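Next come the chains, spelled out residue by residue.
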Amino acid sequence: MTAKYDKKELVKKAKGMHDILPREYWVRERLIEKAKTIASFYGFKPIQTPHLEKIELFTSAVGENTDLVEKEMYNLKTKGGDKLVLRPEGTAPIMRAYIEQGMQVKPQPVLLYYYGSFFRHDRPQKGRRREFQQFGIEAIGEANSIADAVVIKVLWAVLEEAAGLKPISLHLNSVGCKECRKIYQKEMTAYYRKRARSLCKDCLRRLKINPLRLLDCKEEKCGELKKEAPQIINYLCEGCTNHFKNLLEILEASGIQYNLDNYLIRGLDYYSRTAFEFFLEGEPLALGGGGRYDGLSAILSGKEIPGVGGALGIDRILAMMPEKQKQSPKKKEAKIFFMQLGTEAKNKSLAVLELLRKAKIPTKHSLSKDSIKSQLKIAAKANAPYALIFGQKEALENIIIVRNTETASQEAVPLEKLADYLKKKL
Ligand code: HAM
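Residues numbered from 1 in each chain as written. Predicted model: local features only at pLDDT ≥ 70, side-chain atom pairs only at ≥ 80, totals over all residues. Heavy atoms only, no water.

A. Examining the overall build of the chain more closely. Per the secondary structure count, the chain includes 17 helices and 16 strands. The C-alpha radius of gyration of the chain comes to 29 Å, more than 25% above the 22 Å expected for a compact globule of 426 residues. Considering only C-alpha atoms, the chain reaches an extent of 90 × 60 × 45 Å along its principal axes. Relative to its 426 residues, the chain shows a buried fraction of 46%. Sequence separation of 24 or more characterises 69% of the internal contacts of the chain that already satisfy a separation of 6 or more. Split by element, the accessible area of the chain, about 23600 Å² in all, is 52% carbon and sulfur. The distance from the centre of the 73 positive side-chain charges to the centre of the 52 negative ones in the chain is 4 Å. (Helix = DSSP H or I, 4+ residues; strand = E, 2+ residues; numbered from the N terminus. Rg over C-alpha atoms; globule rule 2.2 N^0.38 Å. Buried < 20%, exposed > 50% of the residue type's maximum accessible area, 1.4 Å probe, protein only. Contact = heavy atoms within 4.5 Å. Areas by Shrake-Rupley, 256 points an atom, 1.4 Å probe, with all protein chains shown as cover. Lys, Arg positive; Asp, Glu negative; His and termini not counted. Charge placed at Lys NZ, Arg CZ, Asp CG, Glu CD.)

B. Quick peek at the pairing of strand β4 (residues 83-86). Strand direction decides the pairing type here: strand β2 (residues 52-54) and β4, joined by three bridges, are antiparallel. Considered in β4, the bridge of K54 is made with L84. (Pairing = 2+ DSSP bridges.)

C. Spatial organisation of the environment of E160. Within the secondary structure, E160 is located in helix α6 (residues 145-162). Sequence-wise, E160 and L280 are 120 residues apart; in three dimensions their C-alpha atoms are separated by 9.8 Å. Apart from residues lying up to four places away in sequence, E160 is in contact with L165, K166 and I168.

D. Focus on a nonpolar patch on the surface. A surface patch of nonpolar side chains, about 340 Å² in accessible area, is lined by Y5, L10 and V11. Positionally, Y5 belongs in the segment before α1 (7-10). Overall, Y5 belongs to the partly exposed group, its relative accessible area being 45%. (Patch = residues over 30% accessible without salt bridge, like charges linked within 9 Å, V, L, I, M, F, W, Y side chains within 5 Å. Salt bridge = Lys/Arg side-chain N within 4 Å of Asp/Glu carboxyl O.)

E. Geometry of helix α10 (residues 238-253). Counted at 1.5 Å a residue, the expected span for α10 with its 16 residues is 22 Å, and the 22 Å between its end C-alpha atoms agrees. Taken as a whole, α10 has its buried residues at C240, H243, F244, L247, L248, I250 and L251. Across the axial projection of α10, the buried residues extend over an arc of 165 degrees, all falling on one side. The exposed set on the far side of α10, more than 90 degrees from its buried face, consists of E238, E252 and A253. Buried residues in α10 make contact with α6, β7 (168-174), α7 (178-194), β8 (259-260), β9 (272-280) and β10 (288-292). Looking one or two places after α10, you find G255, whose phi comes out positive at around 70 degrees. (Expected span 1.5 Å × (residues − 1). Arc of directions from axis to C-beta.)

F. Summary view of the site of the ligand. Taken together, 26 residues surround the ligand, and among them E89, R120, R129, E138 and Y271 come closest. Within the contact set of the ligand, an oxygen atom lies 3.1 Å away from a side-chain nitrogen or oxygen of Q134. In the model, a nitrogen atom of the ligand is placed 2.9 Å from a nitrogen or oxygen of the E138 side chain. Contact with the protein chains covers 95% of the free accessible surface of the ligand, which is 660 Å². The set of elements that each furnish at least two residues to the shell around the ligand consists of β6 (131-140), β10 and β11 (307-313). In the shell around the ligand, the residues fall into nine nonpolar, ten polar and seven charged. (Near = heavy atom within 4 Å. Polar contact = N/O pair within 3.5 Å; in protein donor to acceptor, adjacent residues only side chain to side chain. Nonpolar A, V, L, I, M, F, W, Y, C, P; charged D, E, K, R; others polar.)

G. Molecular detail of the pattern of salt bridges. Throughout the structure, instances matching the rule amount to 23 salt bridges. When the shortest N-O distance is used, the salt bridge between D315 and R28 registers 2.9 Å. Of this pair, D315 sits in helix α12 (residues 314-320) while R28 sits in helix α2 (residues 22-41), placing them 287 residues apart in sequence. Of the two residues, D315 and R28, neither departs from the other in class, the shared state being buried.

H. View of the packing of aromatic side chains. With the rule as written, the count across this model stands at twelve aromatic pairs. With a centroid separation of 6.4 Å and an interplanar angle of 35 degrees, the aromatic rings of F118 and F132 are classed as tilted. In this pair, F118 sits in strand β5 (residues 110-119) while F132 sits in strand β6, placing the two residues 14 residues apart along the sequence. Judged by relative accessible area, which is 1%, F118 ranks as buried. For F132, a relative accessible area of 13% translates into the label buried. Ring plane angle 90 degrees and centroid distance 5.0 Å describe the contact between Y191 and Y192, whose orientation is recorded as edge-to-face. Residue classification places Y191 among the buried residues on the basis of a relative accessible area of 10%. Taken together, the ring pairs connect Y114, F118 and F132 into an aromatic cluster. (Phe/Tyr/Trp six-rings, centres within 6.5 Å; stacked < 30°, edge-to-face > 60°.)

I. Highlighting the packing of α2 against α6. It is at 9 Å that the axes of α2 and α6 come closest, and there the two elements cross at 140 degrees. Viewed along their axes, α2 and α6 adopt a mutual orientation that is oblique. As for the relative orientation of α2 and α6, their crossing is right-handed in sense. Side by side, α2 and α6 meet where L31, K34, A35, I38 and A39 of the first sit next to V154, A157, V158, E161 and A162 of the second. Its residues placed into classes, the contact of α2 with α6 shows eight nonpolar, no polar and two charged. (Axes fitted to C-alpha atoms, helices over the stretch in contact; angles between N-to-C directions. Parallel < 35°, antiparallel > 145°, perpendicular 65-115°, else oblique. Left-handed = near helix turned anticlockwise from the far one by under 90°.)

Here's what the structure looks like:
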């Protein structure tokens, strides 16, 4: 059956995907544990939404003309004919869950954190994976700038304290509301239309669909035009100006430094007012980003519910984390090394190990080895103060030899008394 497959290809993972091996896995887990502790302090609670969602959730919430929806979604059709996608981001699903699960009736704001895999079919390159992990937080049901500041503070603390990344630079902007953006879009269209001849092909298309997207272009000639382009900050309505001013005041009072970035727009359509991104100073790739999305719930349910949040790219953070931060804390040394000799003893080994596990006695073993010589070698490396020797005779008599590896003194102990005996010794 397998003859038609190229064996070399069979053991290669799909493009843009990554295996996470034990060492890196533990570094990730520790980072996420610290992130959860920080988020929990501020009142955020965990949520997990499905990896698969209906395609319409993202086309409506993130925007049909965004790169994410146009180019990067993994689409699939189920046998029943449903059109689903592997979630490319977490905010739309969480707002969906908030509405679907009736979280409006809970005390507001509802504060949620999440961690998991997201999928974007982008060209794989440094810092850009097709399956990547995010740690994100969302504060839904609070319009005041204090919620924006809390989100920024939590994510900042995760980057600086949990990941040990310094100095962090926070880029901040307000992208206004629907009303101020209408006027700004007109200004942008007029500005770029006059300069259309100097635009790249993609930007000419963007100009027709959404002129704000021109600010994201990486082409040099478009970058030159951006320097003189209108800035949204000059077109904010009174409400948006006050909201932004208030946020800046809170950040200043909290000692959070920011860089105003008047051209930071972000690539997802649901943003309104606050938009931000985090960088490690001198690095070009954002470690995380987010913003306010007061219009998102109206798109999904017709009801206005304010919200703000942000997400950190865990893979990027790990790639930049200082080595010192990645060191494992000292492992609990095993106090016991278990050795078995002979078939009878090997067969009963699991029963003995289970007895030790349930008694919470850290034990090492090498069950796959048969000879006492090779087991002794491994035991010497483990440096455990006690060795348990379980041979044919011991297995038949339900006893075990407990040997003090330092003094070489040893004693035969009935299995049913082993846990208590060891607890007294250790
Ligand atoms: P985003 O800016 O698209 O925002 O993603 C957040 C972070 O995820 C990025 O800053 C980056 O570190 C990481 N990231 C994104 N794409 C990739 C990739 N292909 N490979 C590796 N890392 C990647 C969002 O997803 C919003 N949902 C954030 C948010 C939450 N806004 C409000 N609430």
